[in-house]
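Structural description and commentary
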Amino acid sequence: MDNWQDKYEIIRRDKLEEIREAVNKDMETVYMMGYDAWGDNMPTKEYIEMCHKSSKYKRGNWYVLERTDTKELLSSLIVYELNPSEEIIVRGIGSISTPVHLRK
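Residues numbered from 1 in each chain as written. Predicted model: local features only at pLDDT ≥ 70, side-chain atom pairs only at ≥ 80, totals over all residues. Heavy atoms only, no water.

1. Remarks on the side chain of S95
- Tracing the backbone through its elements, the reader meets S95 in strand β4 (residues 88-97).
- In this structure S95 comes out as buried when scored by relative accessible area, which is 15%.
- Not counting the four nearest positions on each side in its chain, S95 is found in contact with W38, Y57, W62, S76, L77 and I78. (Helix = DSSP H or I, 4+ residues; strand = E, 2+ residues; numbered from the N terminus. Buried < 20%, exposed > 50% of the residue type's maximum accessible area, 1.4 Å probe, protein only. Contact = heavy atoms within 4.5 Å.)

2. Here's the deal with the pairing of β4
- Both strand β3 (residues 73-85) and β4 contribute to a ladder of seven bridges, which runs antiparallel. Bridging from a neighbouring strand, V79 pairs with I93 of β4. (Pairing = 2+ DSSP bridges.)

3. Things to note about the sheet that holds β4
- One open sheet holds the four strands; their spatial order is β1-β2-β3-β4, and the pairing between them is antiparallel. The sheet is open, and its two borders are formed by β1 (17-21) and β4, each paired with just one other strand. In this sheet, adjacent strand axes meet at a mean angle of 25 degrees when their direction is disregarded. (Axes fitted to C-alpha atoms, helices over the stretch in contact; angles between N-to-C directions.)

4. Considerations on the side chain of S75
- Counting through the fold element by element, S75 comes out in strand β3.
- Engagement of the side chain of S75 in a polar contact is seen with the backbone oxygen of S97, the distance being 2.9 Å.
- Within polar-contact distance, the side chain of S75 engages the side chain of T98 at 3.1 Å. (Polar contact = N/O pair within 3.5 Å; in protein donor to acceptor, adjacent residues only side chain to side chain.)

5. Brief notes about helix α4 (residues 44-53)
- Every buried residue belonging to α4 is among Y47, I48 and C51, and all of these are buried. Buried residues in α4, looked at end-on, bunch into an arc of 95 degrees, giving them a common side. Along α4, the residues that are exposed and aim more than 90 degrees away from the buried face are K45 and K53.
- Buried residues along α4 sit in contact with α2 (27-33), α3 (35-38) and α5 (55-59). (Arc of directions from axis to C-beta.)

Shown next as structure tokens:
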């Protein structure tokens, strides 16, 4: 198993990870994934409060990558519905983040 395709097949077969829409109980963890990049040295409580109030974050749909056996959130991103272009559905992806301890 030296290539990524073999490893990917094991993950898919064992269903160790799952992508799902984030729910309210996930959001503090989701916000903290980006704290080191976007927190601007503010206290964590203030940062989380700012994220909860963010009109930008409220406009999108959050998704998480979750480990199915431990329920640990491994990564997150937000998807925005953008204005259609010539009747084509357009979406934007933003705020892609992973907890610091899981980054290589």
